[in-house]
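What the coordinates show
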Amino acid sequence: MRFRNEAMEAAGKRYITHNSKSDVFTIYGLGDLHIGSAACAKHEIQKTVQKIKDDPFTFWVGVGDYADFISFRDRKRFDPSTIAPDITIADMGKLGDVLNRQVCEIFRPIADKCLGLCFGNHELKYEVEHEQMDRHVWLCRELGVPNLRYSALMDIVFVRAKGNQPKLLMECKKAACHRTQFRLYAHHGAGSACTPGGKLNRLIGFMNAFDADIYFIGHVHDQKGQRLTMISADETCTR
């Protein structure tokens, strides 16, 4: 199975401080929002953003296709009836800028809880066709979050010590009584699958191809999950 990884990041470590071993964290994968499409449920996106903002134990990673980015130049996909009613004719002449700013304003309240942003095939296609390859870079800089490009591996280190409040850090020199580390893989996704089984097989394919503990894959517009149990041995290989 082949995957698109010519734009892949080894994105280093993220540190999340906390206070108790009983703390439970949630990490969201936000992607395929397709802002700018008439089918986009913005109110649902805003509810999720508010939930992430309000819960100190919740963080997120972006997995691309935040906006639809289908301009009139895209002869195969452009259909005026699918454009969101708040996009004007004047906006169509600067669609990338208009949609990027909408995405930025939606994500801004939770930027401090973001592990990083991947871009998706919709961003990539628009940037290539319009020779505007800095769109995703601008979004990451404006929000002050890491640019994960099309896919990325990163380590999430949970740093537990008395008095620590949940907080995302790029560096952590705090003394800790315990550190727990997980490797996370994020990719917008690739290919197509129509059936639930086919979509799950795409996820499992990524899980078999990359060494990580947690995987976030988008693109196929369904919520599917799968746990893989890996059997290993101790350091002496006797148990």
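Residues numbered from 1 in each chain as written. Predicted model: local features only at pLDDT ≥ 70, side-chain atom pairs only at ≥ 80, totals over all residues. Heavy atoms only, no water.

1. Structural notes on the pairing of strand E4 (residues 114–118)
With five of five residues buried, E4 is to be regarded as a mostly interior element. In this structure, E4 lies alongside strand E5 (residues 147–149), joined through two bridges in parallel fashion. Residue pairing for E5: Leu117 is matched across the bridge by Asn147. (Buried < 20%, exposed > 50% of the residue type's maximum accessible area, 1.4 Å probe, protein only. Helix = DSSP H or I, 4+ residues; strand = E, 2+ residues; numbered from the N terminus. Pairing = 2+ DSSP bridges.)

2. A short note on the confidence of the model for the protein chain
Caution applies to low-pLDDT regions: their predicted coordinates should not be interpreted in detail. Scored by pLDDT, the protein chain comes out at a mean of 87, with 95% of its residues at no less than 70. Low pLDDT, under 50, characterises residues 1–5; the stretch is placed with 15 contacts to residues that sit more than four places away or in other chains. (pLDDT = per-residue confidence, 0-100. Contact = heavy atoms within 4.5 Å.)

3. Digging into helix H4 (residues 121–129)
Buried within H4 are the following residues: His122, Glu123, Leu124, Tyr126 and Glu127. Contacts made by the buried residues of H4 are with helix H3 (95–107) and helix H5 (135–143).

4. Focus on the side chain of His18
By secondary structure assignment, the location of His18 is in strand E1 (residues 8–18). Within the structure, the side chain of His18 is placed 3.1 Å from the side chain of Asp23, a separation counted as a polar contact. Every residue in contact with His18, bar those within four places of it in the chain, is listed here: Asp23, Phe25, Phe158, Val159, Arg160, Ala161, Asn164 and Gln165. (Polar contact = N/O pair within 3.5 Å; in protein donor to acceptor, adjacent residues only side chain to side chain.)

5. Quick notes on the pattern of salt bridges
What the rule picks out here adds up to nine salt bridges. The shortest N-O distance in the salt bridge between Asp86 and Lys42 comes to 3.4 Å. Remark: Lys42 occurs in helix H1 (residues 42–54) and Asp86 occurs in the loop between strand E3 (58–63) and helix H2 (89–92); sequence separation between them is 44 residues. Each of the salt bridges in this network shares a partner with another, and the network as a whole consists of Lys13, Asp155 and Arg183. (Salt bridge = Lys/Arg side-chain N within 4 Å of Asp/Glu carboxyl O.)

6. So, the packing of aromatic side chains
All chains considered together, the criterion is met by nine aromatic pairs. With 5.4 Å between their ring centres and 70° between their planes, Phe25 and Phe57 make a pair best called edge-to-face. Here Phe25, found in the loop between E1 and strand E2 (26–30), pairs with Phe57, found in the loop between H1 and E3; they are 32 residues apart in sequence, far enough to count as distant. Given a relative accessible area of 24%, Phe57 falls into the partly exposed group. These aromatic residues form a ring-pair network of at least three members: Phe25, Phe57, Phe59, Phe158 and Phe182. Lys113 extends its terminal NZ or CZ atom over the ring of Phe59, reaching a point 5.3 Å from the ring centre. (Phe/Tyr/Trp six-rings, centres within 6.5 Å; stacked < 30°, edge-to-face > 60°. Lys NZ or Arg CZ within 6 Å of the ring centre and 35° of its normal.)

7. A closer look at the state of the cysteines
With the rule as written, the count across this model stands at zero disulfides. Unpaired in this structure, Cys104 has its nearest cysteine sulfur neighbour in Cys140, at a distance of 10 Å. Residue Cys140 stays outside any disulfide, its sulfur separated by 7.8 Å from that of Cys114, the closest cysteine. (Disulfide = S-S within 2.5 Å.)

8. A closer look at unusual backbone geometry
One non-glycine residue, Asp65, adopts positive backbone phi at about 55°. Positionally, Asp65 belongs in the loop between E3 and H2. Asp65 sits in the buried class, given a relative accessible area of 2%. Residues other than glycine seldom take positive phi values, yet Phe69 does so here, at roughly 50°.

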